[in-house]
Structures are given as structure tokens and as C-alpha cells.
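# Understanding the architecture of this molecule
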Amino acid sequence: MEISRRLGPLQVWSLALALLLLTGPLLAEPLPVGDLPAGSVGLRAEVLIETPGLALDLAQAQALQRDGKFQAGRQQVLNFGIGAPPVWLRLALRNPGERARSLRLLAGTTWLDSLTLYQLQGGRLLAQLQSGDEQASAPGLTPALGFVFSLEVPPGESELFLRVASVDPMVLPLELLTPEQLGQRQLQAGYFYGFVYGFLLALCSYNLLLFAGLRQRSYLYYGLYLATLVAMNLAYTGHGYAWFWPGNVLVQRYVIVVLMLLFGCSGLLFAARFLALAEHAPRTLRAVQVLCLAGLLYMGLALLNGWHFVAVQLAFCFVAIFTLIMVGLGLLTLRRGRQAGFNFLVAALCGMLGTLVTALSTWSILPFRTWTFHALEIGFILEASLLALALAYWVRQQQDAALRAEQMARLDPLTQLRNRRAFLELAGSCWSTALRSGRPLSLIMLDLDHFKQINDEMGHSAGDKALVKVARLLDQGCRAGDILARWGGEEFVLLMPETDLGQACALAERLREVIEQSRPALNNVAPELTASIGVAERGEALRLEDLINAADAKLFEAKHLGRNRVAPALA
């Protein structure tokens, strides 16, 4: 009090800071195990980063801690980046009860290489536990959560020393939980990943089945993209090491980074197909192919030489570039005026945003929370859903275009009537039915008179107008079940099921009169337009070709007899 009266506020703060620097950092207050805080306790821990190449044992770490070399944790979730040196953590505990308390320490993430935990009281070692995915058994590995160490915290004050080493991103959430709380966390994680994997695998299977049935390669590439996404997630959440390759340290060491690379390559492969880069951006497609090939070759070189750190750096850089390229491809396609670009861009932005949030939380730029850490899964679920909708829309467009092309191939482009090919396809089934059941069937062959004269005197545009006019009159005059087509040039053919020769001649006469009375305006002139018609009914003929030839012969007869008339026949 006397000092504070003689010195001003600034001098008091300066003196306090000097004392702090002289005495070193204050020891963290022991954590009461009877009232555990929620979330990670990184701010309650003390931290020491080893000097590269100088590994410490427990005694050396304790000595450095007593000398004040440990620093107070600056983040709730401690993060030291990719390829960081080994780290020591100290956590002081206080058990105010009279009996030991059973707790679980949830430490780190499932991809950490090595974790060694020392439990001490009064300088005496109570327990030493070791885990990490560089160990064949990986004790305590809990998929989707991290590594779990079982503790019996004795009454009074005790302390934990934890040494962590990893080439992969060293993210260190630290939580003290009761067994019941841990069980609840595992249950929540199980529900969450059950939904994620169920949704993505169902979507993957659906697209692969569509590919098997429709042979659309976009479905195949999208299915592979989803499959690698699921495989990558299984690997880095620890499910793969726990379920699919337990005890295989070599596989665990490289599987995450390899699947990250394959995930990016399959995504770019799908994007190239979906956005039709081969058609509108071939140079961009070649650049994407070169990038994927270079990434695969470089990863293969890293695997052959055992360059773990290089493989990790390559995988993370490739995924970062991949997310940017996906958005860039969407923007490029959108600028080219293609609707697929907009749908793809929205989906890619969801995936990119989820990846960015998870990366920033992993690097401690954003707070490390459950939702920020799982933003990648949430983003990719949204991306997968939107891409599935976009792919369905794209395939429907492709099918509609193919259907329109098929329809155009069956239509006469001038009159929009069926062409000869379409007529023969439909007429064949009608002929078979009539032949099998013995029902009547008739055919009209119609040819415009003096059509060459119209073309020569009034121009081909006038001739086209005359053909279109006649096509409309014939279409309006025939019945619903009749098959009308342009046979070629100025000739038209009409097949009439359930129609005998008399009925066909009556219809032919009506059509002839309608054409004669039409007098279409052609280049401001209304010339007389007439037609000669040959009619034939199926008699003893066994082929459709015989019926057509009979009607065509009667058409020639009508022309020879003076035109503008109907000539019937029985085939």
C-alpha cells in the first residue's frame, strides 16, 4: 500500500511486469476435478516446444518446468501446425475429495503420431501411458474424437505431463471427462457420422447404379468423387485405423494424404466432365490433367522414398488448390453462358466454405468448436446434395437434347411431317397387325401437279411455301390413327389402318378438293394448286413395299390421265 502511494499507476504496472519477467511465468492454477470445465482446457495447460533434434525425457521436462521454461497455453485448443517439433504439455490437477476420481483425458486428434502421458503426484510417477497412430495397437484411439487415456486422479494435487509428436497437423484439444460424459460424446459422434456416411454412401451407390444402367460417365465420376470423400473422412477420423486396417502402421502413415490427393483428382475429373471442358475450354482441361498427373507422380515419389512430411505438405497444398480450382471452373463456365456453371459454382462454394472453416479452426485462426471442426463434412454434404441435383438437371438436359435430336431425325425439316424413315418404322407395325388379324389397310400416295413450274416461275421459296401449305391441309384432313409423312420432293404418303378402298378413295377425293380450293398466296400470287393421288388397299400383298408400289403405280396412272384426280387399286 505504501509503495502504491509513492508510485503512480504506470510505475506500479511497470514494476509488476519486471517482477513477472524476473520470476518467469506464473504456474497454472490446478484444475479442480470435482468441477470440470466444458470444452478444451488448453488455456489451463503449460506448454514447452522441444528444440528440434533434442528429444527430452520426463526428468528433463520436469526440470525445465521448475525453471519456468514452460509457457501458459494461449489457446483453448492448442495448435502447432504441420511438421512442428514435439511438444510437452503440463496440466495441474486438484482432487478435493478423499477418494480417487475416475476420469478420461481426451487428447489430440486421431491422426497424431505419438502421445506419451505421465501421471505424477509429489514427483512420484503414478502411471505412464502411450498411444498414437504410429503404434500398431493405438491404445485408446476413439474414432471421430481422439485418443482417450483412463486416469485415476488421487486426492490432493497431482500433475499430468503429455508429450506429443506428429508430422501431420498437430492440433491438441484437451478435455477431462467423466466416463458418462465420454460415452455421451461417443454416442453423439456415432449419430453424426452414421448420418454422414449413410447419406454419402447412399448417394454414391445411387450414382454408380445409374451409371451401370444409363452408361453416363458423369454418374461414374461423381460416384468415385463421393467414394473418395467417404474414404478420406474414414481415414482422418480414425475409423479406418480402428475398423479396416488395424495395426497396419505403414498404411495409416500414408493413407490419409493419398486419399486427400485422390479426392482432389476425382473431383477435378468429375468437374471436367460435368462442365464439358473438352468442348468449351480444352486448354483449361489440359492444365487440370497436368496438375492431377503431377500430383500423382510427386506423391508416388514421396511414397517410394518414405518422405512423410513431403507427402503431408503435398496433400494439403493439393486440396487447397483443388477447392480454388473448383470455384474457378464454375466461374469460367458461368462466364461462357452455360447454366451448368451456376449450379456447379454454388455447390463448389459450399464445399470450399466448409473446407476453409475447418482449416481455419484447425490452424486456430477461428475458434476450434465442434461445428467449425465438422464444417468440412457439413459443407461437403451440401456440396454433394447440390451437385446431385445439378447432375440430375444436366443429365435431363442431355436426355432432352438427345430426344429432340432423335425427333428431328424423324421429321422433315421443312414441313415438320414425318420423314420416310419414321413412316416406315410406324407403318411396319401397322402392316404386321393388319396382316396378322386380316383387317383392311389402305395407302394414299399424293403428288403435287406441275410443281417444277412453280419453282421455275416463282422461285424455290414459293415452292417451299406450297409444300408447307399442303402439309398443313393433309395433317388437318387425316384421322388420328393415320400415319402421314413426306415421302420426298413434292410427294406425300398416308397410311390408313382399318380403312378399305372405298373409304380411302373418299378421303383422297376430299383431300384433292381441299388442295384445289386452297389457292395459297405465293409471292403475292395465288396460283392454282392441284394434286394427283394414287390409292391402294391391301389385298393379297404380303409386303408393305407391294402396297406402296401399287399406290405409286396408280399415282402415275392419275398423272397420265390428266392429273388432279384419284386413281384406286387393290394390291
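Residues numbered from 1 in each chain as written. Predicted model: local features only at pLDDT ≥ 70, side-chain atom pairs only at ≥ 80, totals over all residues. Heavy atoms only, no water.

## Here we look at the environment of P179
Our working rule: Labels follow the DSSP assignment, with helices taken as runs of H or I lasting at least four residues and strands as runs of E lasting at least two, numbered in each case from the N terminus. Contacts are assigned to residue pairs that have any heavy atoms within 4.5 Å of one another.
Structurally, P179 is set in helix 4 (residues 179-214). Through-space distance from the C-alpha of P179 to that of Q65 is 30 Å; in sequence the pair is 114 residues apart. Beyond its immediate chain neighbours, meaning those up to four positions away, P179 contacts S102 and R104.

## Description of the packing of aromatic side chains
This is how it is decided: Working definition: a ring pair exists when centres of Phe, Tyr or Trp rings (six-membered ring for Trp) sit within 6.5 Å. Plane angles under 30 degrees give stacked, over 60 give edge-to-face, the rest tilted. Using a 1.4 Å probe on the protein chains alone, a residue whose accessible area is under 20% of its type maximum counts as buried, one over 50% counts as exposed, and one in between counts as partly exposed. Charges are assigned to positions over rings by a cutoff of 6 Å between ring centre and Lys NZ or Arg CZ, combined with an angular limit of 35 degrees from the ring normal.
Evaluation of the coordinates by the stated rule reveals 18 aromatic pairs. With a centroid separation of 6.1 Å and an interplanar angle of 25°, the aromatic rings of F195 and F199 are classed as stacked. Taken as a pair, F195 and F199 lie in helix 4 at a separation of four residues, close to a single helical turn. Overall, F199 belongs to the partly exposed group, its relative accessible area being 28%. Taken together, the aromatic side chains of Y222, Y225, F263, F270, F274, F322 and F380 make up a single cluster linked through ring pairs. In this arrangement the basic side chain of R215 is found over the ring face of F211, its NZ or CZ atom lying 5.4 Å from the centre. The aromatic ring of W487 is capped on one face by R420, whose charged end is 4.0 Å from the ring centroid.

## Here's the deal with the nonpolar core
Using the following cut-off: By nonpolar core is meant a set of buried Ala, Val, Leu, Ile, Met, Phe, Trp, Tyr and Cys residues that side-chain atoms within 4.5 Å join together.
Formed by 110 residues in total, the largest nonpolar core has its most connected members in L176, Y222 and F344. Among the elements that line this core, the one with the most residues is helix 7 (residues 249-274), at 15 residues. The contact partners of F344, leaving out residues within four places of it in the chain, are F270, A271, F274, L275, M326, G330 and L387. Within the second largest apolar cluster, 30 residues are counted, among which are I444, V470, A471 and L522.

## Examining the pairing of strand 6 (residues 101-107)
Going by this rule: DSSP-based pairing: two strands are paired if at least 2 bridges between them are found.
The element strand 6 is largely enclosed, with a buried count of five among its seven residues. As judged from the seven bridges shared by strand 6 and strand 10 (residues 146-153), these two strands associate in the antiparallel manner. Directly across from L105, in strand 10, lies its bridge partner F149. For strand 6 and strand 13 (residues 174-177), the ladder comprises four bridges, and the chain directions are antiparallel. Bridged to L105 within strand 13 is L176.

## Comments concerning the pattern of salt bridges
Threshold: We count a salt bridge whenever a side-chain nitrogen from Lys or Arg sits within 4 Å of a carboxyl oxygen from Asp or Glu.
For the structure on display, the rule yields 19 salt bridges. Note that R421 and E425 form a salt bridge whose closest N and O atoms lie 3.4 Å from each other. Here E425 and R421 lie together in helix 14 (residues 420-437), a separation of four residues that amounts to about one turn. Using a relative accessible area of 42% as the deciding quantity, one classes E425 as partly exposed. Note that R479 is salt-bridged to D482, the shortest N-O span being 3.0 Å. Under the relative-accessibility criterion, D482 is labelled buried at 8%.

## Thoughts on the sheet that holds strand 13
For clarity, the threshold we go by: Whenever a helix is involved, its axis is fitted only over the stretch in contact; in every case the axis is a line through C-alpha atoms, and angles between N-to-C directions fall within 0 to 180 degrees.
Across the sheet, which stays open at both edges, the four strands sit in the order 9-10-6-13 with antiparallel pairing between neighbours. Each edge of the open sheet is held by one strand with a lone partner, namely strand 9 (141-142) and strand 13. The pairing of strand 9 with strand 10 spans two bridges and is classified as antiparallel. Opposite L141, over in strand 10, you have F147 as the bridge partner. Against the sheet, helix 4 touches strand 6, strand 9, strand 10 and strand 13, its axis set at about 120° to strand 13.

## Notes on the sheet that holds strand 17 (residues 531-537)
Pairing in this open sheet of five strands is mixed, and the strands run 15-16-14-17-18 from one edge to the other. Either end of the sheet is taken by a strand with one partner, and the two such strands are strand 15 (483-488) and strand 18 (566-570). Within the sheet, the average angular offset between the axes of one strand and its neighbour, ignoring direction, is 20°. One ladder, built from five bridges, connects strand 17 with strand 18; its direction is parallel. Within strand 18, the residue paired with G534 across the bridge is A567. Most of the contacts of helix 14 go to strand 15, to which it runs at about 135°, and overall it touches strand 14 (441-448), strand 15 and strand 16 (491-497). Where helix 17 (residues 501-518) meets the sheet, its contacts fall on strand 14, strand 16, strand 17 and strand 18, and the angle it forms with strand 17 comes to roughly 170°.

## Considering the confidence of the model for the protein chain
Going by this rule: A score between 0 and 100, pLDDT records how confident the predictor is in each residue.
Scored by pLDDT, the protein chain has a mean of 86; 93% of the residues are at 70 or more. Predicted confidence is poor over residues 1-27, with pLDDT under 50, and the contacts of this stretch with residues over four places away or in other chains come to nine contacts.

## Some remarks on the packing of helix 5 (residues 217-236) against helix 13 (residues 375-409)
Packed helix pairs are specified by the crossing angle of their axes together with the interaxial distance, meaning the distance between the axes. Stated formally: The scheme is simple: roughly parallel for angles under 35 degrees, roughly antiparallel for over 145, roughly perpendicular for 65 to 115, oblique for anything else. Three classes are used, and their members are as follows: Ala, Val, Leu, Ile, Met, Phe, Trp, Tyr, Cys and Pro are nonpolar, Asp, Glu, Lys and Arg are charged, and the others, Gly among them, are polar.
Taken N-terminus to C-terminus, the directions of helix 5 and helix 13 make an angle of 170°; their axes are 11 Å apart at the nearest point. Between helix 5 and helix 13, the interaxial angle falls into the category roughly antiparallel. Each of S218, Y219, Y222, Y225, L226, L229, N233 and Y236 in helix 5 lies in contact with helix 13, whose residues at this interface are L376, E377, F380, E383, A384, S385, L387, A388, L391, W394 and V395. Of the residues belonging to the contact of helix 5 with helix 13, the class tally is 14 nonpolar, three polar and two charged.

## What about a nonpolar patch on the surface?
We apply this condition: Patches here are clusters of residues that have more than 30% relative accessible area and form no salt bridge, with a 9 Å joining cutoff for like charges and a 5 Å cutoff for nonpolar side chains (Val, Leu, Ile, Met, Phe, Trp, Tyr). Per-residue and other accessible areas were derived by the Shrake-Rupley procedure at a 1.4 Å probe size, with only the shown protein chains allowed to occlude residues.
Judged by side-chain polarity, Y298, L301 and W307 come together as a nonpolar surface patch covering roughly 290 Å² of accessible area. Position of W307 among the secondary structure elements: in the loop between helix 9 (282-305) and helix 10 (308-335). Residue classification places W307 among the partly exposed residues on the basis of a relative accessible area of 36%.

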